[in-house]
Amino acid sequence: MDLNAEQTRAAEFAGDDVLVLAGAGTGKTSTIVARVVHLTQSGVDPRRILLLTFTRRAAREMRHRLTQQIGSSAKTVPTGTFHNFCLQYLRRWPDLFECGSLTIIDRDDQLQLMKLARANVVGKDAAFPKSAELANYYSYARNTNRPVAEYLAEFTDHDEDGIKRISAVLQDYTKRKHECRYFDYDDILHLFARQLHRSRIVREKMQSRYDHILVDEMQDTNPLQWLILDGMRDPAKLFCVGDDAQSIYAFRGADFRNVHSFTERVSGAQVLKLEENYRSTQEILDLSNWLLDQSALGYDKHLRAARGPGIKPVMVELDGDFEEADWVASDLMQRHEEGDPWRDHMILTRSAWAARSVEAALIENDIPYRFIGGTQLLQSAHVKDLLSLLRVIDNPADQLAWMRYLTLWPRIGEKTAATTISKLLGMPNIKVISEFLTDQYRTNPRLAESIAECLTCWDRPSDVIGAATDKMTPLLEKKYDDWDRRSKDFKLLRRLALKHQSVGEFLETYTLDPITESEASNEDVDDLVTLITVHSAKGTEAPVCYLIGVQPGNYPHVRSIGDDEKEEEERRVLYVAMTRAQNELFLTGTRRSHGAYVPHHNRFYQSGGSNTQPYFLSDVPPELVQSDLDIDTDPFDAPITSFRG
DNA sequence: GTTACACATTTTTTT
DNA sequence: AATGTGTAAC
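Nothing here was measured: the structure is a model prediction, and the numbers come from that model. (Residues numbered from 1 in each chain as written. Chains lettered and ligands numbered in written order. Predicted model: local features only at pLDDT ≥ 70, side-chain atom pairs only at ≥ 80, totals over all residues. Heavy atoms only, no water.)

### Focus: the protein's contact with DNA strand B
As a reminder, the rule being used: A cutoff of 4 Å decides nearness: a residue is near a molecule or strand if any of its heavy atoms lies inside that distance of it. Throughout this description, a polar contact denotes any pair of N or O atoms lying within 3.5 Å of each other; where both atoms belong to protein, one of them has to be capable of donating a hydrogen while the other can accept it, and for residues adjacent in sequence the pair is counted only when both atoms sit in side chains. The numbering of helices and of strands both runs from the N terminus, where a helix is a DSSP run of H or I of at least 4 residues and a strand a run of E of at least 2. For this classification, the nonpolar set comprises Ala, Val, Leu, Ile, Met, Phe, Trp, Tyr, Cys and Pro, the charged set comprises Asp, Glu, Lys and Arg, and every other residue, Gly included, is treated as polar.
Close to DNA strand B lie 24 residues; Arg350, Arg411, Gly413, Thr416 and Arg559 are nearest. Here DNA strand B approaches the protein such that, of its atoms within 4 Å, sugar and phosphate make up 51%. In this structure, a base oxygen belonging to DNA strand B sits 2.2 Å away from a side-chain N or O atom of Arg350. In the environment of DNA strand B, a phosphate oxygen lies 3.1 Å from a nitrogen or oxygen atom belonging to the backbone of Lys415. Mapped by element, the contributors of at least two residues to the surface near DNA strand B are helix H19 (414–424) and helix H26 (534–537). With 3 residues, the top contributor of residues to the surface near DNA strand B is H19. Residue composition of the surface near DNA strand B, by class: 8 nonpolar, 10 polar and 6 charged.

Shown next, in the form of structure tokens:
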């Protein structure tokens, strides 16, 4: 592996703790991998090096690169996300962490439960924050490790009474969560961190477990995660890599102080920098640098391209969503015909929703793709229906799953289901419940039969899914008019389940690390165009990148307008997006900007006029980009001119 | 008192 | 696509 002087210095750092400030494309992953290699070669036990990443994809990439370097011993280096890592220990030592069996719930379930709590505490009140907002408050407060009331008073406009009512809802939510033996994402980190700081035994065990802790994407860690790192370090040494210009998770409580205040918090820590960019051409970096320079915040970042000059980024303005989608699709097809593999292309989108027209164009033109950040397999309604059956067997206290499963059947609605659930909650095990249900619903014998059928093969996840599918198909066929399309997912699910030991583990894996539908179905194809949200794209790269929806209203996103900090984060989102490109960068957008109503600001923004909607690229220097407007402008009925003259 | 169904509304980013 | 809402039907 070839490293430059900066990278080598970081990889072979011999002091205690270090923060590596690594700009986009400066070989961050290579450096971390080289660090692991260096450590193992100097005699450190690979099992005593902990590698924490932000996403499962980053973890996979890291392990892959590591395997290339040191072979199979790469597998012995513990690598994973914070959530993964913490959960592993909660499972290993349930007594130490004072937690028994638990079901991890995803955001959907969290919202569902919050809705119940909200209805219970405040009833119908359209003016009261919706469940999604309440869940955000709750999560944000916990990730920043502060009391909910304090957070609400400081960061929201709610009055004292409002704060009281919100706190009451959140309390009710917490109660319900315990009742159902649920754990939400934040609980995993929270419980781990709490015990780490509260219990001496846990702390001593964890502190003696690792010699080196390597953290990727440090700028995206939040105070709760910092508590975890702080509790485990010393004597373990920290090696944290990050870039404040790429911090795009403030909405989730990410705290840039974890980077800026590193040396104050960790005494004796050193700071190293990686500044040479190996990914992109200078033209791509010029535009990216310009974007950061426009900010009032001094990022003081000027990426230099080790590769030298190339092609200028191209800005394309189209008339509408469909034209934009068509343009991207036809450009892709042209390149493919000229011999470029699909996999060299990445389409980046601000939101999953904004990608729908491009996705449609890809499907229509038979362009193979995977959508990262798109609809997740386990989140689609029909899959949730099926899994609700597995969930109630796995955890009979899972009330949300019971509600979903019971109301699937004819003549059972919310009320009937609720009555049934309150009765079955006290029952000792699923067998007793199953008998009770047989008795209760004589008109729906299949309801209980399905449970019994799944129980006969409970130790073989794939067969369980097969059994559940068989029993529930008649129901679901009726419920969904596009059943043919949906039923394919169940085959896929069965295949995925083959890789798992138990149903519980199967459910948990995909709750914590959701895979997208297209990702799962294209498992074995590898020449694909990647369609991806900017947030998911961090850490990845591609020779040719298309940023779609680059237009007012998206950058900055309308919902961030009026809040300086949020707007700045939007700038960084665009910056992250641009710096993914290696050779060619296209920025496409639609010219139709209707303006937008911004609730936060209580004001209508429009293009032109006195209150213009802010847009980062409204005055991009012309010399930095190429405007590609010479799309085929021939009128459709222009007669053909013969080449014979 | 419930359930079923038609119709309207709404979409930032993620572990 | 998946929720929320209102009304007819059971």
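### A short note on the UniProt feature "binding site: ATP" (unreviewed entry) in chain A
How we decide: UniProt positions are given in the numbering used here, feature names are shortened, and annotations may be inferred rather than shown by experiment. A cavity here means a set of points on a 1 Å grid, drawn over the protein atoms and nothing else, where a 1.4 Å probe fits but cannot get out; a pocket is an open set with protein on both sides within 12 Å along at least five of seven lines, and a residue lines either one if it has an atom within 4 Å of a point. Accessible area is worked out with a 1.4 Å probe on protein chains only. A residue is then buried under 20% of its type maximum, exposed over 50%, and partly exposed in between. Note on contacts: a residue pair is in contact if any heavy atoms of the two residues lie within 4.5 Å.
UniProt tags Ala22, Gly23, Ala24, Gly25, Thr26, Gly27, Lys28 and Thr29 as "binding site: ATP" (unreviewed entry). Here, the largest cavity is lined by Lys28 out of the annotated residues. A relative accessible area of 15% places Lys28 in the buried class. Residues within four places of Lys28 in sequence aside, it is in contact with Ala22, Asp216, Glu217 and Val241. Relative to the helices and strands, Thr29 is located in helix H2 (residues 28–41). We classify Thr29 as buried; its relative accessible area is 17%. Sequence-distant contacts of Thr29, defined by excluding residues within four places in its chain, comprise Glu61, Met62 and Arg65.

### Notes on the protein's contact with DNA strand C
Near DNA strand C the following residues occur: Lys115, Ser380, Ala381 and Arg486. Arg486 places a polar side-chain atom, nitrogen or oxygen, 3.0 Å from a phosphate oxygen of DNA strand C. Residue composition of the surface near DNA strand C, by class: 1 nonpolar, 1 polar and 2 charged.

### Describing the pattern of salt bridges
Put simply, the rule is: Any Lys or Arg side-chain nitrogen found within 4 Å of a carboxyl oxygen on Asp or Glu counts as a salt bridge.
Counted by the stated rule, this structure contains 43 salt bridges. Between Lys301 and Asp244 there is a salt bridge, with the nearest N and O atoms lying 2.7 Å from each other. One end of the pair, Lys301, is in the loop between helix H14 (282–293) and strand S10 (304–305); the other, Asp244, is in the loop between strand S7 (237–242) and helix H12 (257–260), with 57 residues separating them in the sequence. Assigned by exposure class, Lys301 and Asp244 land together as buried. The residue Asp463 makes a salt bridge to Arg494 at a minimum N-O spacing of 3.8 Å. Placement of Asp463 in helix H22 (residues 461–479) and of Arg494 in helix H23 (residues 483–497) is noted, with a sequence separation of 31 residues between them. Overall, Arg494 belongs to the partly exposed group, its relative accessible area being 36%. Bridged by salt links that share partners, the residues Lys28, Asp216, Glu217, Asp220 and Lys538 form one connected network.

### So, the side chain of Asp187
Here Asp187 shows up in helix H9 (residues 185–198). When neighbours within four sequence positions are excluded, Asp187 is seen to be in contact with Arg142, Lys177 and Tyr182.

### Digging into the pairing of strand S1 (residues 18–22)
Cut-off, in case you're wondering: A pair of strands is considered paired only if DSSP assigns at least 2 bridges between the two.
In terms of residue burial, S1 counts as a mostly covered element, since 4 of its 5 residues are buried. Bridge analysis of S1 against S7 gives 4 bridges, and the strand direction is parallel. Within the sheet, the bridge partner assigned to Leu21 lies in S7 and is Gly242.

### Remarks on the domain arrangement of chain A
By a widely used convention, the size of an interface equals the accessible area lost when the partners come together. To keep it simple, the criterion reads: Bear in mind that the domain bounds are from an automatic or database domain assignment.
Examined at the domain level, chain A breaks down into domain 1 (5–91 + 189–274), domain 2 (103–180), domain 3 (305–375 + 525–627) and domain 4 (377–515). Placing the centre of domain 2 and that of domain 4 at their C-alpha centroids yields a distance of 28 Å. Facing the 11 residues of domain 2 at the interface are 11 residues of domain 4. With its nearest N and O atoms 2.8 Å apart, the salt bridge here joins Arg391 to Asp109. For the interface between domain 2 and domain 4, the tally reads 5 residue pairs in polar contact (both at pLDDT 80 or more). Of all the secondary-structure elements, those providing two or more residues to the side of domain 2 that touches domain 4 are strand S4 (103–104) and helix H5 (107–122). Top element by residues in the side of domain 2 that touches domain 4 is H5. It accounts for 5 residues.

### Re the packing of helix H6 (residues 131–143) against helix H7 (residues 148–155)
Put simply, the test is: Inter-axis angles, ranging from 0 to 180 degrees, are taken between N-to-C directions of lines fitted to C-alpha atoms, where helices are fitted over the stretch in contact. Note that the term roughly parallel is reserved for angles under 35 degrees, roughly antiparallel for angles over 145, roughly perpendicular for angles of 65 to 115, and oblique for everything else.
At their nearest, the axes of H6 and H7 sit 9 Å apart, and the two run at 110 degrees to each other. In terms of their interaxial angle, H6 and H7 are classed as roughly perpendicular. Seen from H6, the contacting residues are Tyr137, Tyr140 and Ala141; seen from H7, they are Val148, Tyr151 and Leu152. Taken together, the residues of the contact of H6 with H7 break down into 6 nonpolar, no polar and no charged.

### Quick word on the sheet that holds strand S14 (residues 529–533)
Taking strand neighbours across the sheet as the criterion, the 7 strands line up as S13-S14-S12-S15-S16-S11-S19 in an open arrangement whose pairing is parallel. Edge positions in the sheet fall to strand S13 (369–372) and strand S19 (626–627), since each of these pairs with one other strand and no more. Pairing of S13 with S14, which is carried by 4 bridges, proceeds in the parallel orientation. In the sheet register, Ile372 faces S14, and the bridge partner there is Ile532. Running over the sheet, helix H27 (residues 564–578) touches strand S12 (345–349), strand S15 (542–547) and strand S16 (581–590) and is turned about 130 degrees from S16.

### Description of the state of the cysteines
The test is simple: Cysteine sulfur atoms that come within 2.5 Å of each other are treated as a disulfide pair.
For the structure on display, the rule yields 0 disulfides. Among the cysteines around Cys180, which has no disulfide bond, Cys99 carries the closest sulfur, lying 17 Å off. Residue Cys240 stays outside any disulfide, its sulfur separated by 15 Å from that of Cys86, the closest cysteine.

### Brief notes about the sheet that holds S7
Taken together, 6 strands build an open sheet; the order of strands is S3-S2-S6-S7-S1-S8 and the sheet is parallel. Strand pairing shows two members of the sheet lacking a second neighbour, strand S3 (79–81) and strand S8 (270–274), which therefore form its edges. Across the sheet, the mean angle separating the axes of adjacent strands is 20 degrees when strand polarity is ignored.

### Notes on the packing of aromatic side chains
So the rule is basically this: Each pair of aromatic rings taken from Phe, Tyr and Trp, with Trp reduced to its six-membered ring, is defined by centres within 6.5 Å and is described as stacked if the planes are under 30 degrees apart, edge-to-face if over 60, and tilted in the remaining cases.
Scanning the model with the defined rule gives 19 aromatic pairs in all. Seen from their ring centres, Tyr89 and Phe192 are 6.5 Å apart, and the 55 degrees between their planes marks the pair as tilted. Note that Tyr89 is positioned in helix H4 (residues 82–92) and Phe192 in helix H9, a separation of 103 residues in sequence. Between the aromatic rings of Tyr138 and Tyr173, the centroid separation amounts to 5.1 Å while the plane-to-plane angle is 75 degrees, which identifies the pairing as edge-to-face.

### Regarding the side chain of His212
Take His212: it is sitting in strand S6 (residues 212–215). Discounting chain neighbours no more than four positions away, the residues touching His212 are Arg35, Leu39, Val44, Arg48, Ile49, Leu50 and Lys237.

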